[in-house]
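# Commentary on secondary and tertiary structure
Spelled out from the first residue to the last, the chains are:
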Amino acid sequence: MLDKKYNHKEVEKGKYKKWLDKEYFKCGDKSKEPFSIILPPPNVTGKLHLGHAWDVSIQDIVARYKRMQGFDVLWLPGTDHAAIATEAKVVAKLKKEGINKYDLGREKFLEKCWEWTEEYGGNIREEWANMGLSLDYSKERFTLDEYSVNAVNKAFIEMYNKGLIYRGKRIINWDPEAKTALSNEEVIYKDTKGAFYHIKYFIEGTKDYLDVATTRPETLFGDTAVAVNPKDDRYKHLIGKNIIVPIVNRVVPIIADSHADIDKGTGVVKITPAHDPNDFEVGFRHNLEQIVIMDETAHMNEETGKYNKMDRFECREKLVEELKEKDLLIKIEEITHSVGYSERTNVMVEPYLSEQWFVKMKKMCEDLIEMQKDKNKKVNFIPKRYEKILIQKAEECYDWCISRQLWWGIRIPIWYKDGEMKVSIESPGEGWKQDEDVLDTWFSSALWPFSTLGWAMEDDSLYKRYFPTNFMSTGYDILFFWVFRMMFQSQEFTNQNPFKECYIHGLIRAKDGRKMSKSLGNGVEPSEMVEKYGADALRYYLTTNSAAGLDLRFDEEKMASTWNFINKLWNASRFVLMNIEDLKKESLDNLKLEDKWILTKLNKTIKEVRKNMDKYELNLAGSTLYNFIWEDFCDNYIELSKSSLNDNTTKTVLLKVLTSILKMLHPYMPYVTEEIYSMLPIKDSESIMISSYPKYNKNNSYIDEEQLLNKVLEDVTNIRNLKVNNNITKESSIKLETSKDLESIYKNALKIKEEQLITGIPSDKEEYNYKSNYINITFYQDGKVINKELLISEIEKLEQSIKKRENLLANENYVTKAPAHVVELDRQKLKEEQEKLNYLREQL
RNA sequence: GGGCGAUUAGCUCAGUUGGUUAGAGCACUUGCCUUACAAGCAAGGGGUCGGGAGUUCGAGUCUCUCAUCGCCCACCA
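Below, the structure is looked at part by part. (Residues numbered from 1 in each chain as written. Chains lettered and ligands numbered in written order. Predicted model: local features only at pLDDT ≥ 70, side-chain atom pairs only at ≥ 80, totals over all residues. Heavy atoms only, no water.)

### Brief notes about the nonpolar core
Counting residues in hydrophobic clusters, the biggest one holds 116 residues, and the most contacted among them are Leu538, Phe633 and Ile777. Not counting residues up to four positions away in its chain, the partners in contact with isoleucine 777 are Ile719, Ile734, Lys735, Leu736, Leu750, Ile752, Tyr768, Asn769 and Tyr770. If you look at the next biggest cluster of nonpolar residues, it comprises 66 residues, including Phe109, Val152, Met364 and Ile402. (Core = buried A, V, L, I, M, F, W, Y, C linked by side-chain atoms within 4.5 Å. Buried < 20%, exposed > 50% of the residue type's maximum accessible area, 1.4 Å probe, protein only. Contact = heavy atoms within 4.5 Å.)

So this is what it looks like as structure tokens:
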């Protein structure tokens, strides 16, 4: 016997281990059609947050659904070394111990990183288990294992040989804290208070100066020109003359370049080719010298004279003082402008001239756009709009900086000796030195859908069977970081897209709509919710409370109401199990009206749920189930079944409906459905996980009976309403006229006792009547206080409705143009309303 | 500057190719311990679907426009 209350801790205990022991999560049944999902690998040293919990719930639902439909499902788990994020954490930890990364040396430092990975790597696996995820752990991968490293090397070498990867001295985004280059995607722009510093630049040999405005005065040490727009009449005469950079007193040319915007600031712009991406381009066009004025920690270098070794911000302050003193500062105009910060270390990014490795993007972006136009090859995005966003990104693509001056990662397979350069995994021989840099962590992630399957391994059988994968799910925040890059890399190396469907979900927000973050202290841990409400409740809540692609505000009240729903399921199951214990053999020979009704509703529900599951509309499938279970099954069918619980047919219907409900809920709520399923007296498999998903069966539909009981239940509601409104008690006498078939249903639903029934009409009582096509019922009791107001307002409402409908049906356009069944429904409805109106008028 | 999304009940949100009276959870009112469940049951109240215009027999849904909030990209001397 089940407990009276659902206890998620009891229910969830031990089940995951059992599934693992039985190897239900393992793929490989060749007799079945393959279906594959690759889990987006979380940061190995991170924690599972609610966003992950959402993401993995979606995937597990799809995996379990497909498995129950008879697919050979591979859901491959893995973790990411997350180069910069992990390295930053290890550096911070060492710092606390008073150890400097560079003193430790590369090899020792990597040992520390591996230790860290071992220590924290288990956390993630534990949290996957808590969520009940049906991952095939025998295929688990890590972005630094040989599957990934081999693939990265193979891909790099191929791209290098094709000329898709090149080395160049460019302005990149430099993180002076982590001392590494970043890709554009790793820079976050934030509005920051700053100022325009207007500085006097004297024209050579004159006492005239130009007002040059800059937000970064300290970069003047690197100025090698001042530019004006060639069309700017104010300065035309100065083009070709020289100007003197203040403080350093360097003589530089005044050049004409369209980069200078006539309407912006003073129209004069200083050019610092080594410290600004636009200036770099200008410098390139005009063949200007590039003077680097900072070191890799964003401290000033020897080019800056007395400011040498000073921090960039301190230098700015001191330099402005000096400019003031020397009367070179015209004014300081405070502004708010957006400034780039490093995604990981949160320090202000410095545009920095350095030698880096890049992936040439133009051709691959064009190919991606082309492939997206091919119906058979494209990735289907859910929701669709993300395809457009991706194409826009591809249209304005720029080259991808892939080298990172870090140690934790996959090293670039390039070797140098005496100015020569060779691409190779192993050292080409004596005296060759490998490039010091590692690759952007996203370079390995981009290959993930096929590297994990053994694309670069001798045994590529998994790759052959499961690639391309069927389904990918991820948040929109990594659309450009990851989805985009997986697509072009996969297209480059396999000529096809890495997945057929790509489900994009939003971000989890706090209840007030703000981002969940450590600093705000409003974060919610999934493990906390699992503890409090169970994994089943968390999974169902996350996947049924928003539409695809939109953010979700986390609301613990809804978690609680999800728990209530499971408790409802639990108790309905309790009721069914209590009453079918002795069911030996299923039998449906004696179907009553309510049996046909619930079986038809069930059949419709199966159809609807499957339709939505197939479209990955998990919220719609979920709410269809919710309504069916709570309203149709619990509130109506179970109540009606109570009068015939000894009947084998009733028992069978209860079992059948419950079994189907459990199966359809299983992808959402694996634990509780497994628990209840295990107690069913008759079932088709040892675990619900490996049972088959309910199928729509058109022979199981009794449309007429369904309609009839729907009407009867409407009557029941109306009669209950009449009773409530008029205070009709259990002691009232009742005259009941209805058909034989419906009598017991009405009696049951309205809880009419035999002794209340009378045949004559008592003269001294007041009467209350309700009549429809199926029933004519009158209640008699003393002391009538007619609720005239209520009756009148009801009549008024009805009259309005009738008028509206009559007008509609009088409209020839409507009658001729609208579909026949819609018009027919209106006619029927009108008839019913008119009958009801007559009735109400009589009562008044 | 370019683009995307949101705006529906007091709150948080669903709403499929345009088609009966726009739904749910929570909150609210009234009455019930009816032996599956009081974390429940029964009956209710509450919405001119952000504003305006258009297409249509018919618009929460399609088109245009305005507003507010949010996000992404680009620029940022």
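### What to know about the sheet that holds strand 19 (residues 420–423)
Strand order across the open sheet formed by three strands is 19-18-20, with antiparallel pairing between neighbours. Edge positions in the sheet fall to strand 19 and strand 20 (433–434), since each has one partner strand and no second. Here two bridges tie strand 18 (residues 414–417) to strand 20, and the two strands are oriented antiparallel to one another. Counterpart to tryptophan 415 in the pairing with strand 20 is glutamine 434. Sheet strands touched by helix 7 (residues 146–161): strand 18 and strand 19. Its angle to strand 19, the strand with the most contacts, is close to 125°. (Pairing = 2+ DSSP bridges. Helix = DSSP H or I, 4+ residues; strand = E, 2+ residues; numbered from the N terminus. Axes fitted to C-alpha atoms, helices over the stretch in contact; angles between N-to-C directions.)

### What to know about the pattern of salt bridges
Taken as a whole, this structure holds 57 salt bridges when the rule is applied. Residue lysine 270 is joined to aspartate 223 by a salt bridge in which the shortest nitrogen-to-oxygen separation is 2.8 Å. Note that lysine 270 is positioned in strand 12 (residues 268–271) and aspartate 223 in the loop between strand 8 (209–214) and strand 9 (225–228), a separation of 47 residues in sequence. Comparing lysine 270 with aspartate 223 shows no difference in burial state: the two are buried. (Salt bridge = Lys/Arg side-chain N within 4 Å of Asp/Glu carboxyl O.)

### Details of the protein's contact with RNA strand B
RNA strand B sits among 65 residues. The nearest are Ala213, Asp261, Asn278, Glu396 and Lys817. Considering RNA strand B, the proportion of its atoms within 4 Å of the protein that are sugar or phosphate atoms stands at 60%. In the model, a phosphate oxygen of RNA strand B is placed 3.2 Å from a nitrogen or oxygen of the arginine 805 side chain. Looking at side-chain class alone, the surface near RNA strand B contains 24 nonpolar, 18 polar and 23 charged residues. (Near = heavy atom within 4 Å. Polar contact = N/O pair within 3.5 Å; in protein donor to acceptor, adjacent residues only side chain to side chain. Nonpolar A, V, L, I, M, F, W, Y, C, P; charged D, E, K, R; others polar.)

### Digging into the pairing of strand 11 (residues 250–256)
On any regular strand, side chains alternate: one points to one face of the sheet, the next to the other face. Here strand 9 pairs with strand 11 via three bridges, running parallel. From the neighbouring strand, valine 226 faces strand 11, where its bridge partner is isoleucine 254. In terms of strand pairing, strand 10 (residues 242–245) meets strand 11 through four bridges, oriented antiparallel. Its bridge partner lying in strand 11, asparagine 242 is registered against proline 253.

### Considerations on the side chain of asparagine 497
Here asparagine 497 is to be found in the loop between helix 15 (479–494) and strand 23 (499–505). Taking the relative accessible area as the measure of exposure, asparagine 497 reaches 5% and is therefore buried. A distance of 2.8 Å separates the side chain of asparagine 497 from the backbone oxygen of lysine 377, its partner in a polar contact. Apart from residues lying up to four places away in sequence, asparagine 497 is in contact with Met371, Gln372, Lys377, Lys378, Val379, Phe467, Pro468, Met487, Ser490 and Gln491.

### Quick look at the side chain of threonine 441
Locating threonine 441 in the fold gives a position in helix 12 (residues 441–446). For threonine 441, a relative accessible area of 10% corresponds to the buried category. The contacts of threonine 441, once residues within four sequence positions are left out, are Asp80, His81, Ala82 and Ala83.

### Points about helix 9 (residues 312–325)
Between its first and last C-alpha atoms helix 9 spans 20 Å; for 14 residues at 1.5 Å apiece the expected length is 20 Å, and the two agree. By the burial criterion, the buried members of helix 9 are Arg312, Cys315, Arg316, Leu319, Val320, Glu322 and Leu323. Taken down its axis, helix 9 places every buried residue within 160° of arc, on the same side. Projecting away from the buried face of helix 9 at angles above 90 degrees are the exposed residues Glu317 and Glu325. Taken together, the buried residues of helix 9 touch strand 7 (187–203), strand 13 (329–342) and strand 14 (350–359). Capping the start of helix 9, aspartate 311 holds a side-chain oxygen 2.9 Å from the backbone nitrogen of phenylalanine 313, two or three residues further along. In the segment just after helix 9, aspartate 327 is the residue with positive phi, at about 60°. (Expected span 1.5 Å × (residues − 1). Arc of directions from axis to C-beta.)

### Some details on unusual backbone geometry
The linkage connecting isoleucine 382 with the following residue, proline 383, adopts the cis geometry, with an omega of -5°. Considering the arrangement of structural elements, one finds proline 383 in the loop between strand 15 (380–382) and helix 11 (385–395). Look at the link from phenylalanine 467 to proline 468: it is a cis peptide, with omega at -5°. You can see proline 468 is positioned in the loop between helix 14 (461–466) and strand 22 (469–475). Within the chain, lysine 179 stands out as a residue other than glycine whose phi angle is a positive 55°. Here lysine 179 is to be found in the loop between strand 5 (165–175) and strand 6 (180–182). Owing to a relative accessible area of 18%, lysine 179 belongs among the buried residues under this scheme. Positive phi, normally seen in glycine, also occurs at aspartate 327, with a value near 60°. Looking at where aspartate 327 falls in the secondary structure, it is placed in the loop between helix 9 and strand 13. Take aspartate 327: its relative accessible area is 49%, and that puts it in the partly exposed class.

### So, empty space enclosed by the protein
In this structure the tally under the stated criterion is three cavities of 30 Å³ or more. Quantified by volume, the largest cavity comes out at close to 110 Å³. Among the secondary structure elements, those contributing two or more residues to the lining of the largest cavity are strand 16 (400–401) and helix 15. The dominant element in the lining of the largest cavity, judged by the number of residues it contributes, is helix 15, at three residues. Here the residues of the lining of the largest cavity sort into seven nonpolar, two polar and four charged. Roughly 60 Å³ of volume is contained in the second largest cavity. Taken together, Trp54, Ile58, Tyr503, Leu542, Thr543, Ser546, Ala547, Ala548, Leu618 and Asn619 make up the lining of the second largest cavity. Counting residues per element, the ones that place at least two in the lining of the second largest cavity are helix 3 (50–68), helix 17 (535–544) and helix 20 (618–641). Taken together, the residues of the lining of the second largest cavity sort by class into seven nonpolar, three polar and no charged. (1 Å grid on protein atoms, 1.4 Å probe; cavity = no way out; pocket = protein on both sides within 12 Å on 5 of 7 lines; lining within 4 Å. Points joined across faces, edges and corners; volume = space filled by probe spheres on them.)

### A word on a negative patch on the surface
A contiguous patch of negative charge on the surface is contributed by Glu107, Glu111, Glu115, Glu118 and Glu119. With respect to the secondary-structure elements, glutamate 115 resides in helix 6 (residues 106–131). You can call glutamate 115 partly exposed: its relative accessible area is 45%. (Patch = residues over 30% accessible without salt bridge, like charges linked within 9 Å, V, L, I, M, F, W, Y side chains within 5 Å. Areas by Shrake-Rupley, 256 points an atom, 1.4 Å probe, with all protein chains shown as cover. Lys, Arg positive; Asp, Glu negative; His and termini not counted. Charge placed at Lys NZ, Arg CZ, Asp CG, Glu CD.)

### Some remarks on the sheet that holds strand 28 (residues 775–781)
Across the sheet, three strands lie side by side as 26-28-27; this open sheet has antiparallel pairing. Each edge of the open sheet carries a strand with a single partner, namely strand 26 (733–738) and strand 27 (766–771). Strand-to-strand twist of the sheet, defined as the mean angle between neighbouring strand axes without regard to direction, takes the value 10°. In this structure, strand 27 lies alongside strand 28, joined through six bridges in antiparallel fashion. When the bridges of strand 28 are listed, tyrosine 768 appears paired with phenylalanine 779.

### Considering the environment of tyrosine 503
Assignment of secondary structure puts tyrosine 503 in strand 23. A residue is classified by how much of its surface remains accessible, and tyrosine 503, at 6% relative accessible area, is buried. Along the sequence, tyrosine 503 and phenylalanine 381 sit 122 residues apart, while their C-alpha atoms lie 6.0 Å from each other. Each residue touching tyrosine 503, except ones within four places of it in the same chain, is listed here: Ile58, Ile382, Phe471, Met472, Ser473, Thr474, Ala548 and Tyr616.

### Some details on the packing of helix 10 (residues 362–372) against helix 15
Contact geometry for helix 10 and helix 15: axes closest at 10 Å, N-to-C directions at 90°. Between helix 10 and helix 15, the angle is such that the two are roughly perpendicular. For the pair helix 10 and helix 15, the contacting residues are Met364, Cys365, Asp367, Leu368, Met371 and Gln372 in the first and Phe484, Met487, Phe488, Gln489, Gln491 and Glu492 in the second. (Parallel < 35°, antiparallel > 145°, perpendicular 65-115°, else oblique.)

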